[in-house]
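# Fold and geometry: a report
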Amino acid sequence: MAATGAGAEAPVVHKFGGSSLADAARIARAVALLGEAQPLIVVVSALGGTTDRLIAAARAAAARDPSWRERLEALAVRHREVAEGLLAERGRAELRRLPR
């Protein structure tokens, strides 16, 4: 990391995860909390419940339980829905063109 020069401001760091990223409305709320500070660093983790659902899918796959595919598909659908909720119409149209 570069040294901060005289007069340079230290970055403001925000970290969000879990329930604060549970859906599009909560993500929008987190964004609203950021303010105008510059420089700004934002760290995000998985949407609420994602880590547990990934672990469950991995355990199902390890047990040769075919439900792992449905579990992963449900996660993909959820993430697309959240992304669509955050994007303007043009962005939603572009998202729908991506391979599923």
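Heads up: the structure comes first, above all this text.
Presented here is a report on the structure given in the accompanying data block.

The rules behind the values
Residues numbered from 1 in each chain as written. Predicted model: local features only at pLDDT ≥ 70, side-chain atom pairs only at ≥ 80, totals over all residues. Heavy atoms only, no water. Core = buried A, V, L, I, M, F, W, Y, C linked by side-chain atoms within 4.5 Å. Buried < 20%, exposed > 50% of the residue type's maximum accessible area, 1.4 Å probe, protein only. Contact = heavy atoms within 4.5 Å. Helix = DSSP H or I, 4+ residues; strand = E, 2+ residues; numbered from the N terminus. Expected span 1.5 Å × (residues − 1). Arc of directions from axis to C-beta. Axes fitted to C-alpha atoms, helices over the stretch in contact; angles between N-to-C directions. Parallel < 35°, antiparallel > 145°, perpendicular 65-115°, else oblique. Left-handed = near helix turned anticlockwise from the far one by under 90°. Nonpolar A, V, L, I, M, F, W, Y, C, P; charged D, E, K, R; others polar.

Looking at soluble globular proteins, one finds that nonpolar side chains tend to be buried together. In this structure, Phe-16, Leu-21, Ile-27, Ala-30, Leu-34, Leu-47 and Val-82 together form the largest nonpolar core, which totals 7 residues. Those residues in contact with Ala-30 that lie beyond four places of it in its chain are Phe-16 and Ser-20.

What follows covers helix α2 (residues 50–62). Here α2 contains 13 residues, and its C-alpha end-to-end distance of 18 Å stays within 8% of the 18 Å for a straight helix at 1.5 Å per residue. Taken residue by residue, α2 has Thr-50, Ala-57 and Ala-60 as its buried positions. In a view along the axis of α2, the buried residues occupy a sector of 90°, so they form one face of it. In α2, the exposed positions that point more than 90 degrees away from the buried face belong to Asp-52, Arg-59 and Ala-62. Each element contacted by the buried residues of α2 is listed here: β2 (40–47) and α3 (67–86). Among the residues trailing α2, Arg-64 stands out with phi positive, at a value near 60°.

Quick look at the packing of helix α1 (residues 24–33) against α3 now. One can describe the packing of α1 onto α3 by two numbers: an axis separation of 8 Å at closest approach and a directional angle of 50°. Between α1 and α3, the interaxial angle falls into the category oblique. Crossing of α1 against α3: the hand is right-handed. In this structure, α1 contributes Ala-24, Ile-27 and Ala-28 to the contact, and α3 contributes Val-82, Gly-85 and Leu-86. Looking at side-chain class alone, the contact of α1 with α3 contains 5 nonpolar, 1 polar and no charged residues.

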